Structure formats: structure tokens, C-alpha cells
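Tertiary structure, described
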Amino acid sequence: MKTILTVNEVTKQYRNNELVLKAISLEIEEGSFTVIIGPSGSGKSTLLNIMSGLQKPSSGSVFFGDKDITQFSEHELADFRRLDIGQIFQQYLLLSHLTAEENIRIGAPATGGAYSVQELAEILDISGVLDQYPGELSGGQQQRVAIARALIKKPRMLFCDEVTGALDETNSRKVISLLHQICVKYGVTVLFITHNYEIARTADRVITIKDGSLIKDIHHKNPIPVEQMSWV
Ligand SMILES: Nc1ncnc2c1ncn2[C@@H]1O[C@H](COP(=O)(O)OP(=O)(O)OP(=O)(O)O)[C@@H](O)[C@H]1O
């Protein structure tokens, strides 16, 4: 398998506080579904943000393919984030004055080459709500609109930070199941942060972070199907 992302000895320190990330190194395989799990405050979001170019590390490097994104100019970084990767968060971050379809189209690159809204809407089961406004949609529907907005540009990687954190069990299962389907159908590499060990059991690989260090890295030969997740 080809490596899509390489993290080399990444550290992060906010001001003069102690290190939040302590020399993290890892590689992510293209097309994989990887979960990063760990206690609150262990550094998961900071690591994800550094891998997606949202934050700079204090030291170390992050290669996307053969390019070190930590050395990118502002312009190169903007292009990388606009074209190569998609991001989804616990908050849906939809624009309330635009319809679902208009929100999705915001993610499409001006240069073309996007997926069709109809195709994504069908997969994500939001075809019937495309002309509605975010305030008229359930949390699960809003998150699926946010996923479509992140995917429309055909990103090679999707960064997901606690994306089921605000959803109930039914909607969480649906979103996780859809992300797995998207990973397989489009070959997009998914990196998924969660506190939930059941979600982790559905992943190809589970990386555990504690106190800013990578303490466990497990590859699942047979990840469980989403339907077999128990919910506690
Ligand atoms: N902008 C910031 N300035 C100062 N400290 C920060 C900042 N962002 C995060 N931290 C600190 O860095 C540590 C790691 O935070 P981070 O959000 O990466 O952890 P996390 O594992 O994602 O936590 P959670 O699961 O609660 O979201 C925490 O102690 C947090 O308080």
C-alpha cells in the first residue's frame, strides 16, 4: 500500500507550557480508515490539525505525498486545504442563509472536477432536503450535508474530528457507516478522531494517543461491521 501522509517527530508546545505532542511519528496508508483515540486533552485534535495544515508544529515535519506541508507558504497551504483534503468537525459549520445544496456547492473548486451534488446527496441520503435550510434539518442531516460539502472537491483525504459527538446513536451509526462506504467507493483516506472504543473497532487501524505520545498502534485484520457496534 502507498503512504499518503507521513508525520516525522512532530512536537507541539503552546506558548511556554509543557509539550502537548511529544515527537509523534506515523504513516497513513492511502485508502485506509484510521481512528485516533485517547483521553480528553491527550493531543488528538492538535495532531489532526497539524496533519491537515490547520496548525503548525513546534518542530518536525508532515509530508503529504512527497511535499512537506509544514514548509508550505500561506498560498500553498490554502490550495492544499481547498483542493487536496476535506475536513468535518463536531459542529456542522453550515451557513444558515444558504440551502443544503448551496452549502454543498461552496466546497466545489472553481476550477471544476467536482462530484455531482446529486450523486453525493443520493449516497448520503439527503436528496430530499437539498432545497431546505440548515435550521430545518436534523443534526444527522446537517452533518451529512457537511460531509457532502467536504467531499464534493474529490479530496484524497478526509479529516474527521469527533464528527458524531453531537449525534444520537442512530445518526452516529449512519454517519460512520457512510464514511466507511465513501472510503471504499471513492478510495478516500479517512482519519477519524473519537473517544468511542466501539467506533474504533470498525476501523482498519487504531492509533492511541496519551499525554501527547503515541502509545498503541493496532491494525485490525477484521474490523467489525458498523451494524455490530454496541452502543454504551
Ligand atoms: N490553542 C491552545 N492554546 C493553549 N493550549 C491548548 C490550545 N489548544 C489545545 N491546548 C491544550 O493542549 C492539550 C491537548 O488538546 P487537544 O484539544 O489536542 O486534545 P484532545 O485529545 O483533542 O482533547 P478532546 O478529546 O477533549 O478534544 C490540552 O491540554 C489543551 O488544553
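Details of the structure are given in the entry above.
Residues numbered from 1 in each chain as written. Predicted model: local features only at pLDDT ≥ 70, side-chain atom pairs only at ≥ 80, totals over all residues. Heavy atoms only, no water.

**Let's talk about helix H6 (residues 169–186)**
To keep it simple, the criterion reads: Strands are runs of DSSP state E lasting at least 2 residues, helices are runs of H or I lasting at least 4, and numbering of each runs from the N terminus. Given the number of residues in a helix, its expected span is that number minus one, multiplied by 1.5 Å. Exposure categories follow from relative accessible area, calculated using a 1.4 Å probe and restricted to protein chains: below 20% of the type maximum is buried, above 50% is exposed, and the middle band is partly exposed.
Over its 18 residues, H6 extends 25 Å from the first C-alpha to the last, a length consistent with the 26 Å expected when each residue adds 1.5 Å. Within H6 the residues assigned to the buried category are Asn171, Ser172, Arg173, Val175, Ile176, Leu178, Leu179, His180, Ile182, Cys183 and Tyr186.

**A word on unusual backbone geometry**
Phi angles above zero are rare outside glycine, and Glu9 is one such case at about 50°. One non-glycine residue, Glu162, adopts positive backbone phi at about 50°. Looking at the element boundaries, Glu162 is found in the loop between strand E7 (157–161) and H6. Given the relative accessible area of 15%, Glu162 is considered buried.

**Structural notes on the site of the ligand**
Which entries qualify depends on this criterion: Any residue with a heavy atom positioned within 4 Å of a molecule or strand is treated as near that molecule or strand. Here a polar contact is recorded for every N or O atom pair within 3.5 Å, except that within protein the pair must consist of a potential hydrogen donor and a potential acceptor, and residues adjacent in sequence are included only if both atoms are side-chain atoms. Note on areas: these come from Shrake-Rupley sampling with a 1.4 Å probe, and a residue is covered only by the protein chains present in the view. Three classes are used: nonpolar for Ala, Val, Leu, Ile, Met, Phe, Trp, Tyr, Cys and Pro, charged for Asp, Glu, Lys and Arg, and polar for all others, with Gly counted as polar.
Looking at the ligand, the residues that line it are Tyr14, Val20, Pro39, Ser40, Gly41, Ser42, Gly43, Lys44, Ser45, Thr46 and His195. One nitrogen or oxygen atom from the side chain of Ser40 is found 2.5 Å from an oxygen atom belonging to the ligand. Ser45 is positioned such that a nitrogen or oxygen atom in its backbone is 2.9 Å from an oxygen atom of the ligand. For the ligand, whose unbound accessible area comes to 640 Å², protein coverage reaches 57%. By residue number, the principal contributor to the shell around the ligand is helix H1 (residues 44–51), which donates three residues. Of the residues in the shell around the ligand, the class split is three nonpolar, seven polar and one charged.

**Section: the pattern of salt bridges**
Rule in force here: Salt bridges are identified by distance alone: a Lys or Arg side-chain nitrogen within 4 Å of an Asp or Glu carboxyl oxygen.
Applying the stated rule across the entire model yields eight salt bridges. Two residues, Arg105 and Glu101, come together in a salt bridge whose shortest N-O distance is 2.7 Å. Pair noted here: Arg105 and Glu101 are both in helix H3 (residues 100–106), with a separation of four residues, about one helical turn. For Arg105, a relative accessible area of 44% puts it in the partly exposed group. A salt bridge links Lys174 to Asp125; the nearest nitrogen and oxygen atoms lie 2.6 Å apart. Of this pair, Lys174 sits in helix H6 while Asp125 sits in the loop between helix H4 (117–123) and helix H5 (139–151), placing them 49 residues apart in sequence. Take Asp125: its relative accessible area is 47%, and that puts it in the partly exposed class.

**Section: the nonpolar core**
To keep things clear, this is the line we draw: The definition of a nonpolar core used throughout is a set of buried Ala, Val, Leu, Ile, Met, Phe, Trp, Tyr and Cys residues joined through side-chain atoms within 4.5 Å. Any two residues whose heavy atoms approach within 4.5 Å are treated as being in contact.
By size, the foremost hydrophobic cluster in this structure holds 45 residues, and its most contacted members are Ile88, Leu158, Leu179 and Phe192. If you list the elements that add at least two residues to this core, you get strand E3 (33–37), H3, H4, H5, E7, H6, strand E8 (189–194) and helix H7 (197–200). The element that contributes the greatest number of residues to this core is H6, accounting for seven residues. The contacts of Ile88, once residues within four sequence positions are left out, are Gln143, Ala146, Ile147, Ala150, Leu158, Phe159, Cys160, Asp161, Val163 and Leu179.

**Comments concerning the environment of Thr46**
Within the fold, Thr46 resides in helix H1. Residue class for Thr46 comes out buried when judged on its relative accessible area of 10%. In the structure, Thr46 is positioned 43 residues away from Thr3 in sequence and 21 Å away in space, judged by C-alpha atoms. Residue contacts for Thr46: discarding those within four places in its chain leaves Lys12, Tyr14, Val20, Leu21 and Gln55.

**Considerations on the packing of aromatic side chains**
Defined as follows: When two rings of Phe, Tyr or Trp (its six-membered ring) have centres within 6.5 Å they constitute a pair, described as stacked for plane angles under 30 degrees, edge-to-face for angles over 60, and tilted for the intermediate range.
Taken as a whole and assessed by the stated rule, the structure comprises four aromatic pairs. Centre to centre, the rings of Phe72 and Phe80 are 6.1 Å apart; their planes meet at 70°, and the pair counts as edge-to-face. Through a chain of ring-to-ring contacts, three or more aromatic side chains come together here, namely Phe64, Phe72 and Phe80.

**Some remarks on the pairing of strand E6 (residues 85–89)**
This is how the line gets drawn: Only when DSSP finds a minimum of two bridges between them are two strands counted as paired.
In terms of burial, E6 is largely enclosed, as four of its five residues are buried. Taken together, the five bridges between E6 and E7 define a ladder with parallel strand orientation. Within E7, the position partnered with Phe89 by the bridge is Asp161.

**Points about the sheet that holds strand E5 (residues 67–68)**
The cut-off we apply is this: Each axis is a line fitted through C-alpha atoms, taken for helices only over the stretch in contact, and angles between the N-to-C directions span 0 to 180 degrees.
The strand order E2-E1-E4-E5 describes an open sheet built from four strands, whose pairing is antiparallel. The open sheet terminates on both sides in strands that have one partner only, identified here as strand E2 (19–29) and E5. In terms of strand pairing, strand E1 (residues 3–13) meets E2 through seven bridges, oriented antiparallel. Across the sheet, Thr6 pairs through a bridge with Glu27, a residue of E2. Contacting E1, E2 and strand E4 (59–64), H1 runs over the sheet at an angle of about 55° to E2.

Interpretation in functional terms is not warranted from these geometric data alone.
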